[in-house]
Every structure is written in structure tokens, then in C-alpha cells.
Amino acid sequence: MRVLLVGAGGVGSAVTRIAARRDFLSHMVVADYDPARAEAAVAALGERAGGRFSARRLDASDTEAVRRVLAEERCDVLLNATDPRFVMPLFTAALAAGAHYLDMAMSLSAPHPTAPYEECGVRLGDEQFALAEEWRSSGRLALVGMGVEPGLSDVFARYAADELFDEIEEIGVRDGANLTVEGYDFAPSFSIWTTIEECLNPPVVYEREHGWFTTAPFSEPEVFDFPEGIGPVECVNVEHEEVLLIPRWVDARRVTFKYGLGDDFIAKLKTLHELGLDATAKVTVPGPDGPVAVSPRDVVAACLPDPATLGDRMRGKTCAGTWVKGVKDGAAREVYLYHVVDNEWSMREYGSQAVVWQTAVNPVVALELLATGAWKGDGVLGPEALPPRPFLDLLNAYGTPWGLREETPRP
């Protein structure tokens, strides 16, 4: 399999380090707008690269340039490791080139113009699903939302439906951590651009009787007890792709996503919003050579440390998982399916901090399943559209096992 990886930041670099240890990959072209970053990602592999990795400069917003590189490099798959702004140019380039496509975040949403905290406007992934028939007709697969959340969380949902429950009342993705970063008062462990997008947009909830609808940001707080020593963390509603994906293939009365953010993190995000610093539209500011147009959100990102560089200062664990409530053999049942990564382990084994490594391992597992034929399909599909057992078995084989915890059924 020949892969074009677009994006050589924290997640993209972690992808290369994981993929270099697997033999399904014949070649990976590592592309980034900053050629030095792509070259550094390849160089860091050392002898593990084995001539199977090369670096190129590529502008992810230039659909035609991406299509040309896919053709020139004879790539079977485009793996998108950029932020969501570049989903559609890369998605359409892969379709035009006749390549398969994977991403870890889907096309952007837009709030409802008059009732943003009640009704959906443009939903996450709507632009991609609008082209589903073109992908089906091409015989190519666009596997969307194939990171950890969305991604592994969706695989867990399908596994629960297939093997653990007869009826499902609720599927709730729950994400929490006890990570700290030494030397920083505010240092998000993932892209602040994406974090702002997720956390300040109206969260989406799915209910069978009502379909998809929205609530206010940070609504419905609950304390969830995370495994492996992380412990209780308050989680709140956040906009996330799982709520838009899972109901398409898994029958559940309700689907939610809640993220463990903490009061301090939420307060800082609210302040950014109140100051207009979460905006993506460019504003004009003075520069040494005259006025310069910049996006406030890009300025925030530039002022914060690169999450990929924080690994040596990070301590603790991160947990991604899917809580499922329903009925099995006539009895109430609740389970939490989860995946925990210890930052000390991921840094020692791969040189990547826990959050980006946990995100990166899942698309690599998916690529291997596509290469072997264990996963196959066409059109625009989410992870829950494909059989879960091969994925979960292979994740174990990668040396990063998942867990299942039985919960006490709630009234």
C-alpha cells in the first residue's frame, strides 16, 4: 500500500512512527506546507524508515496540487492529518485522483442562523456525505472520522451493538484525562484550533424521537469515573462527530459526547470567545511593512506551545471510551469500553505524547485492515459501518490493548 500522508504535525509524525513498525506499508509520502517539518518527520525514523518514507512540500488547500501528487506518487490512499479546515480540499482531491481517503475529523459545521442552541445548521460531515454517491460510483472508500474520537469510539459502539447488547438505550462517548504539563498554566495537549471548534460550537445530541438537535456549549455536566487511576472527572457536552456518525449505522435511542475539560479550561475558552479570539475570519493588524491580515484563532495557536513538543513535560494518562446502556438477555446492562495511554509509555516507546499518539494509532490500524482486505467498502463510511472485531484484535497486536468495564446499571 502506498499512502500520501498530508500533515506532519504531532499526529502526522506519530503516524509515521507507528506505521514504520508495520510491514503492510510499501511507501508513505509525508507531505506538509512546511517542507522542513515533513523532512524532520522522516528523518526521525532513522533506520526504521527503510527507504519506505519520503518528504514533500504540499499545500493542503490546493486540491489540484494534491491530486497531482497522488497521481505522481501512485498512492492508493490519502490520509488526512491536518486540521478540519482542509478536509474538503483533500477529500475532493482524493476522489478526483481515484484514491481512497481517511481522515480523523470531518468537514466543518455551521450553527443554525436563528436557533443555534436548539436546531442543527450545517452538521459535521454534511459536505462529505453529500458526495457519498460519487464515492460509491467510483468504487472508492472515504473512511471518515477514523481517529480515536471519532474512530475507536465508533468501533466500540458497533462492537457493543454486535456482541454485548440486544437493545441499546444510550451510547455516550466519554473522554477524560489526568494529564498535567509542567511549566505552563495553559497548554492544550491537542490542536487549539480544533479544540476551539469543538468546544465553542453548539453540541449536538441525537435522540431517536427527535433526530439531531443542539444544546448550549458545556451543557449537562456529569462526573464520570475513568479507569486505570484517572478517577472522577466532570464531563460536559461538546460537539463531536460520533453523534453524527453512530446513529447512521447503530440503533440507539440516544447518542451523546461529553468531554472532561475542567472549570479552568472552560473559563479560558469562554474568555477567548468573549474577546473574539476564537474567530477564523481574518482581521487587519499593523505590521512592520504595512497592514497584515490574520485570523485571531491562528494568532492564539501561534502564541501557545505546539502540542507535539509537550511530551517531555506531560505527566499522566488519557482515556477515550464509549459508555453503553441497554439490555442483554432481558437484563439491564451498562459497560464502558475504553483505551488508555500513559504519556510516559508513549514517550518512551515512540517519542510521541499520549494524546497525539492515541489519535494516530487508529488510522494506521485502519490502513492495515484495508491493505489486508479485512476492511473493505465504497462510498462515505464511518468506522461503525465496518466489522469491529478485526480492528480491536489488531489494536491489541499493536501492543496497546483496550478494556471493558462492567458498570452498575443506573435507574
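For the structure, check the block above.
Residues numbered from 1 in each chain as written. Predicted model: local features only at pLDDT ≥ 70, side-chain atom pairs only at ≥ 80, totals over all residues. Heavy atoms only, no water.

**Here we look at the overall build of the chain**
Next, step 1: Secondary structure assignment for the chain yields 14 helices and 20 strands.
Next, step 2: Relative to a compact globule of 411 residues, whose C-alpha radius of gyration would be 22 Å, the chain shows 20 Å and is just as compact.
Next, step 3: The principal-axis extent of the C-alpha atoms belonging to the chain is close to 60 × 50 × 45 Å.
Next, step 4: Every one of the 411 residues in the chain was classed for burial, and the buried ones make up 56%.
Next, step 5: By sequence separation, contacts in the chain at least 24 residues apart represent 71% of the contacts at least 6 residues apart.
Next, step 6: Element-wise, carbon and sulfur atoms account for 50% of the exposed surface of the chain, whose accessible area totals about 16,400 Å².
Next, step 7: Here the chain contributes 38 positively and 62 negatively charged side chains, and the mean placements of these two sets differ by 4 Å. (Helix = DSSP H or I, 4+ residues; strand = E, 2+ residues; numbered from the N terminus. Rg over C-alpha atoms; globule rule 2.2 N^0.38 Å. Buried < 20%, exposed > 50% of the residue type's maximum accessible area, 1.4 Å probe, protein only. Contact = heavy atoms within 4.5 Å. Areas by Shrake-Rupley, 256 points an atom, 1.4 Å probe, with all protein chains shown as cover. Lys, Arg positive; Asp, Glu negative; His and termini not counted. Charge placed at Lys NZ, Arg CZ, Asp CG, Glu CD.)

**Observations regarding the nonpolar core**
Next, step 1: In this structure, Met28, Val30, Phe53, Leu102, Ile171, Trp375 and Phe391 are the most contacted members of the largest nonpolar core, which totals 92 residues.
Next, step 2: Sort the elements by how many residues they give to this core and helix H13 (residues 354–372) lands first, with 11 residues.
Next, step 3: Non-local contacts of phenylalanine 391, meaning those with residues more than four positions away in its chain, are made with Met146, Leu152, Val155, Asn362, Val365, Ala366, Leu369 and Trp375.
Next, step 4: Counting residues in each nonpolar core, the second largest holds 30 residues, with Leu4, Leu78, Ala99 and Val380 among its members. (Core = buried A, V, L, I, M, F, W, Y, C linked by side-chain atoms within 4.5 Å.)

**What to know about the packing of aromatic side chains**
Next, step 1: Evaluated as defined, the whole model comprises 17 aromatic pairs.
Next, step 2: Members of the aromatic cluster, each reached through a chain of ring pairs, are Phe224, Phe226, Tyr336 and Tyr338.
Next, step 3: Over the ring of tyrosine 33 we find arginine 57; its NZ or CZ atom is 4.3 Å from the centre of that ring.
Next, step 4: Its guanidinium or amino end placed over the ring of phenylalanine 129, arginine 248 lies 3.7 Å from that ring's centre, counting from NZ or CZ. (Phe/Tyr/Trp six-rings, centres within 6.5 Å; stacked < 30°, edge-to-face > 60°. Lys NZ or Arg CZ within 6 Å of the ring centre and 35° of its normal.)

**Looking at the side chain of arginine 174**
Next, step 1: Within the secondary structure, arginine 174 is located in strand E7 (residues 167–177).
Next, step 2: For arginine 174, the side chain forms a polar contact with the side chain of threonine 256, separated by 3.2 Å.
Next, step 3: With sequence-adjacent residues up to four places away left out, arginine 174 is seen in contact with Glu149, Glu222, Phe224, Phe226, Thr256, Phe257, Lys258, Cys319, Ala320, Gly321, Trp323 and Tyr336. (Polar contact = N/O pair within 3.5 Å; in protein donor to acceptor, adjacent residues only side chain to side chain.)

**Regarding the sheet that holds strand E6 (residues 141–143)**
Next, step 1: An order of E3-E2-E1-E4-E5-E6-E19 is seen for the 7 strands of this open sheet, with the pairing classed as parallel. Every interior strand has two partners, whereas the edge strands, strand E3 (53–57) and strand E19 (379–381), have only one. Sheet twist, expressed as the mean angle between neighbouring strand axes with direction ignored, is 20°.
Next, step 2: Sheet topology places strand E5 (residues 100–103) next to E6; 2 bridges connect them, and they run parallel. Residue pairing for E6: leucine 102 is matched across the bridge by leucine 143.
Next, step 3: Its contacts with the sheet place helix H4 (residues 87–97) against strand E1 (2–6), strand E4 (77–80), E5, E6 and E19, and it is angled at close to 160° to E5. (Pairing = 2+ DSSP bridges. Axes fitted to C-alpha atoms, helices over the stretch in contact; angles between N-to-C directions.)

**Points about the pairing of strand E10 (residues 211–214)**
Next, step 1: Inspection of the sheet shows strand E9 (residues 204–207) paired to E10 by 4 bridges, in the antiparallel sense. From the neighbouring strand, tyrosine 206 faces E10, where its bridge partner is tryptophan 212.
Next, step 2: Between the end of E9 and the start of E10, which pair antiparallel, lie 3 residues.

**Quick look at the pattern of salt bridges**
Next, step 1: Counted under the stated rule, the structure contains 30 salt bridges.
Next, step 2: As a salt-bridge pair, arginine 253 and glutamate 169 come within 3.8 Å of each other at their nearest N and O atoms. Of this pair, arginine 253 sits in the loop between helix H9 (241–249) and strand E13 (254–260) while glutamate 169 sits in strand E7, and the two are 84 residues apart along the sequence.
Next, step 3: On the basis of relative accessible area, arginine 253 is assigned to the partly exposed category, the value being 26%. (Salt bridge = Lys/Arg side-chain N within 4 Å of Asp/Glu carboxyl O.)

**What about a nonpolar patch on the surface?**
Next, step 1: On the surface, a nonpolar cluster with roughly 180 Å² of combined accessible area is contributed by Val283, Val285 and Val292.
Next, step 2: Along the chain, valine 283 falls in strand E14 (residues 283–285).
Next, step 3: Residue class for valine 283 comes out partly exposed when judged on its relative accessible area of 38%. (Patch = residues over 30% accessible without salt bridge, like charges linked within 9 Å, V, L, I, M, F, W, Y side chains within 5 Å.)

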